[in-house]
Amino acid sequence: MAFRKDFLWGGATAANQCEGGYNEGGRGLANVDLAPTGPDRFPLITGVKKMFNFDEENFYPAQEAIDMYHRYKEDIALFGEMGFKTYRLSIAWSRIFPMGDETEPNEEGLKFYEDLFKECHKYGIEPLVTITHFDCPMHLVEEYGAWRSRKLVGFYENLCRVIFNRYKGLVKYWLTFNEINMILHLPFMGAGLLIEDKETALKDKYQAIHHELVASALATKIAHEIDPDNKVGCMLAAGNTYPYTCNPDDVWKSIQIDREGYFFIDVQARGYYPRYALKQMEREGTMPIMEDGDQELLKDNTVDFISFSYYSSRCTSADPDMNKQTEGNVFATLKNPYLKASEWGWQIDPLGLRITLNSIYDRYQKPLFIVENGLGAKDELIDNTVEDDYRIDYLRQHIQAMSDAIEIDGVELWGYTTWGCIDLVSASTGEMSKRYGFIYVDRDDQGNGTNKRYKKKSFDWYKKVIASNGEDLD
Ligand code: BG6
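Residues numbered from 1 in each chain as written. Predicted model: local features only at pLDDT ≥ 70, side-chain atom pairs only at ≥ 80, totals over all residues. Heavy atoms only, no water.

**Brief notes about the packing of aromatic side chains**
Where we set the bar: Aromatic contacts are taken between Phe, Tyr and Trp rings whose centres are within 6.5 Å, Trp giving its six-membered ring; a plane angle under 30 degrees counts as stacked, one over 60 as edge-to-face, and the others as tilted. In this description a helix means any DSSP run of H or I spanning at least four residues, a strand means any run of E spanning at least two, and both kinds are numbered starting from the N terminus. Burial classes: relative accessible area under 20% of the type maximum marks a residue as buried, over 50% as exposed, and values in between as partly exposed (1.4 Å probe, protein chains only). A ring is considered to have a charge above it if a Lys NZ or an Arg CZ atom is located within 6 Å of its centre and within 35 degrees of its normal.
Taken as a whole and judged by the stated rule, the model has 36 aromatic pairs. Their ring planes at 75° and their centres at 5.3 Å tell us that Y311 and W346 sit as a pair that is edge-to-face. Linking Y311 in the loop between β7 (305–309) and β8 (314–316) with W346 in the loop between β9 (340–341) and β10 (347–348), this pair joins segments that are 35 residues apart in sequence. When its relative accessible area of 11% is taken as the criterion, Y311 is described as buried. Judged by its relative accessible area of 33%, W346 is partly exposed. The ring of Y276 is capped by R259, whose NZ or CZ atom sits 4.3 Å from the centre of that ring. One residue, K434, lies across the ring of W346, its end atom 3.6 Å from the ring centre.

**Section: helix α7 (residues 151–166)**
Quick reminder: α-helices carry 3.6 residues per turn. Residues three or four places apart thus point the same way. So the rule is basically this: Here the expected span of a helix is defined as 1.5 Å times the quantity of residues minus one. Here, residues are in contact when the closest pair of their heavy atoms is within 4.5 Å.
For α7, with 16 residues, the first-to-last C-alpha span of 23 Å sits near the 22 Å given by 1.5 Å per residue. Among all positions in α7, only L152, V153, F155, Y156, L159, C160, V162, I163 and F164 are buried. Packing partners of the buried residues in α7 comprise α4 (93–96), α5 (107–122), β3 (126–132), α6 (138–144), β4 (173–177) and α9 (201–226).

**Some details on the site of the ligand**
What counts here: Being near a molecule or strand, for a residue, means having at least one of its heavy atoms within 4 Å of it. Whenever two N or O atoms come within 3.5 Å, that pair is a polar contact, provided that in protein one can donate a hydrogen and the other can accept it, and provided that, for residues adjacent in sequence, both atoms are side-chain atoms. With residues, only the protein chains shown are counted as cover, and all accessible areas are computed by Shrake-Rupley using a 1.4 Å probe. Charged residues are taken to be Asp, Glu, Lys and Arg, nonpolar residues to be Ala, Val, Leu, Ile, Met, Phe, Trp, Tyr, Cys and Pro, and polar residues to be all remaining types, Gly included.
Neighbouring the ligand are 15 residues, the closest being Q17, E179, A427, S428 and Y436. In the model, an oxygen atom of the ligand is placed 3.3 Å from a nitrogen or oxygen of the S426 side chain. Protein contacts shield 96% of the accessible area of the ligand, which totals 380 Å² for the unbound molecule. In terms of residue class, the shell around the ligand is built from seven nonpolar, five polar and three charged.

**Regarding the sheet that holds strand β5 (residues 231–237)**
Where strands meet in a sheet, backbone hydrogen bonds hold them as pairs that are either parallel or antiparallel. The test is simple: If DSSP finds at least two bridges between two strands, the strands pair. Helix axes are fitted only over the stretch in contact, all axes being lines through C-alpha atoms; the angle between N-to-C directions runs from 0 to 180 degrees.
Pairing within the closed barrel is parallel, and its eight strands lie in the order β1-β2-β3-β4-β5-β7-β11-β12. With strand direction ignored, the average angle separating the axes of adjacent strands in the sheet is 25°. The sheet contact formed by strand β1 (residues 8–12) and strand β2 (residues 86–90) spans three bridges and is parallel. Looking at β2, one finds that G11 is bridged to Y87. Packing against the sheet, α5 makes contact with β2 and β3, and its axis sits at approximately 165° to β2.

**As for the pairing of β7**
Here β7 lies mainly inside the structure; five of its five residues are buried. Residues F305, S307 and S309 line one face of β7 and the alternating positions I306 and F308 line the opposite face, and both faces are buried. Note that β5 and β7 share five bridges and pair parallel. When the bridges of β7 are listed, M235 appears paired with S307. Both β7 and strand β11 (residues 368–372) contribute to a ladder of four bridges, which runs parallel. Paired with S307 across the strands is F369, a residue of β11.

**Notes on the nonpolar core**
Quick reminder of the rule: Here the nonpolar core consists of buried residues drawn from Ala, Val, Leu, Ile, Met, Phe, Trp, Tyr and Cys, with membership extended through side-chain atoms lying within 4.5 Å.
One finds F79, Y167, F263 and M402 to be the most contacted residues of the largest nonpolar core, which totals 144 residues. In terms of residues, this core owes the most to one element, α9, which gives 12 residues. Each residue touching Y167, except ones within four places of it in the same chain, is listed here: I91, I96, G109, L110, Y113, E114, F117 and W174. In terms of nonpolar packing, the next biggest core, distinct from the first, is built from nine residues, L8, L128, L175 and W414 among them.

**Observations concerning the packing of helix α15 (residues 389–407) against helix α16 (residues 457–467)**
Here is the rule we go by: Angular relationships are summarised with four words: roughly parallel below 35 degrees, roughly antiparallel beyond 145, roughly perpendicular across 65 to 115, and oblique for the angles in between. We call a crossing left-handed when the near helix sits turned anticlockwise from the far one by less than a right angle, and right-handed when that turn is clockwise.
Across the interface, α15 lies against α16 with an axial gap of 9 Å and an inter-helix angle of 25°. In terms of orientation, α15 and α16 fall into the roughly parallel class. Of the two elements, α15 crosses α16, and the hand of that crossing is right-handed. Facing α15, whose interface residues are D389, R391, I392, L395, R396 and I399, α16 presents K457, S458, W461 and V465. Its residues assigned to classes, the contact of α15 with α16 shows five nonpolar, one polar and four charged.

**Some words on the packing of helix α10 (residues 248–270) against helix α14 (residues 350–364)**
Interaxial distance between α10 and α14 falls to 11 Å at its minimum, and their mutual angle equals 40°. It follows that α10 is oblique to α14 by the angle criterion. α10 and α14 meet at a crossing whose hand is right-handed. Contacts between α10 and α14 involve Y262, I265, D266, A269 and R270 from the former and S359, I360, R363 and Y364 from the latter. Split into classes, the residues belonging to the contact of α10 with α14 amount to five nonpolar, one polar and three charged.

**Brief notes about a nonpolar patch on the surface**
Put simply, the rule is: Exposure above 30% relative accessible area and no salt bridge define the residues that can form patches, which grow by joining like charges within 9 Å and nonpolar side chains of Val, Leu, Ile, Met, Phe, Trp and Tyr within 5 Å. For this analysis, a salt bridge means a side-chain nitrogen from Lys or Arg found within 4 Å of a carboxyl oxygen belonging to Asp or Glu.
On the surface, a cluster of nonpolar side chains totalling about 260 Å² of accessible area is made up of V251, W252 and I255. Structurally, V251 can be placed in helix α10.

**A closer look at the environment of M402**
Here M402 is to be found in helix α15. Residue class for M402 comes out buried when judged on its relative accessible area of 0%. With 124 residues separating them in the primary sequence, M402 and L278 have C-alpha atoms 34 Å apart. Not counting chain neighbours up to four residues away, the residues in contact with M402 comprise F3, F7, W9, L353, L357, I370, L413 and Y416.

**A look at the pairing of β5**
The element β5 is extensively covered by neighbouring structure, given that six of its seven residues are classed as buried. Across three bridges, the pairing between β4 and β5 is parallel. Paired with L175 across the bridge in β5 is G233.

**Quick notes on helix α11 (residues 275–284)**
Applied cut-off: The directions from the helix axis to the C-beta atoms are what the arc is built from.
Among the residues making up α11, those that are buried are Y276, A277 and M281. Down the axis of α11, the buried side of the element spans an arc of 130°, and every buried residue falls inside it. The outward face of α11, more than 90 degrees from its buried face, is lined by the exposed residues R275, E282 and R283. Those residues of α11 that are buried are in contact with α9, α10 and α14. Looking one or two places after α11, you find G285, whose phi comes out positive at around 70°.

Such coordinate-based values are descriptive only and should not be taken to indicate function.
Laid out in structure tokens, this is it:
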């Protein structure tokens, strides 16, 4: 049997993509609330367009999302029915600290998550909590310039102390920052950063990144002090980059692209800035300001495990003409002629998951956790269900690749949570029609619908996979 007896099967969501209730329970406004659907979304999430208020013309899907704020009991019951061992969710920072810089937390927000975690335990589901999944209270953005300011480390520390103490015994798996490398690609969505000056953009990003890395190490330290049973992980948007050809220039380019992401995990898992990054920062003038004690903090507080999202591999060329094709994408990738793609152009590469698992494990030798994987597709609800064989196929092949990585290659893998186990709002496009779930939610891209939940065909399939601990993938 490939999967360990206590393998954590489950699903994953993020607060801003499913909760809604954006102004309920004392919650403050967050950067993620302000991302509309339509043409303004990309300029906003990349930080090139400043939109600090809602306007009449746009639709903001996070305001109501799939209304999980009010429906979480029903949803968790469905996760329980599928046999989930874990449920990955995120805390909305602005529910706990509406402004972000208060000294006292908002009790209503704390109670909401306490009840939610208790609900999980009713079904034997272990919560896996992302402390920040792209969200940052807007007050911290407007008053301090978000993570560019060192002050954010202290505010994040307060948040961590409060939640680690309050949820001791209820939560033991924590992730500090979702897809921490996304700050390079989607700076406003990933970290509340505005790109005000193109000249200094990269320097500002690396300063913000340093603050997040320090905050992550601090969170790891405090989590261990408050409860030695706590396990803290980092989280990378992963997927190896292949060279388009065996031309050494292409190979070198692919190594450089992968290092952009590995950099974060090098610091979080090994405890220091890698030499290639220091050299590059010196060359480019992007070296962040570090305070006394930062290096020791990073060194002494590395993560217990490494988690990542995997949707696809990437492909690159050193030829500038070929690369023109990829400009403007969140992750620059050429079309790989050997792979098929989803309806949104995300290339499907199950073996790429095995390759990624092996690369990360070889590099760090720490336990791994796949916390996002799945197929975003258009579903059709017919007779109260969706015949989503395409999703089953995608997941089957990826689970097989995980199984091979464990059984044949010896990779240590703690768990697997599929992305958007219940349909939710897409992070990149704001659409509802990009669906990942085992559970269909009646809601469209304009926010119309009853929000009623329906089981798809994949619901029973995943239930069987979990019950057989990954043996029965038919
Ligand atoms: C990851 C994020 O980038 O991918 C999620 O952590 C996101 O928040 C997921 O939803 C899938 O991307 P999308 O754009 O299809 O929602």
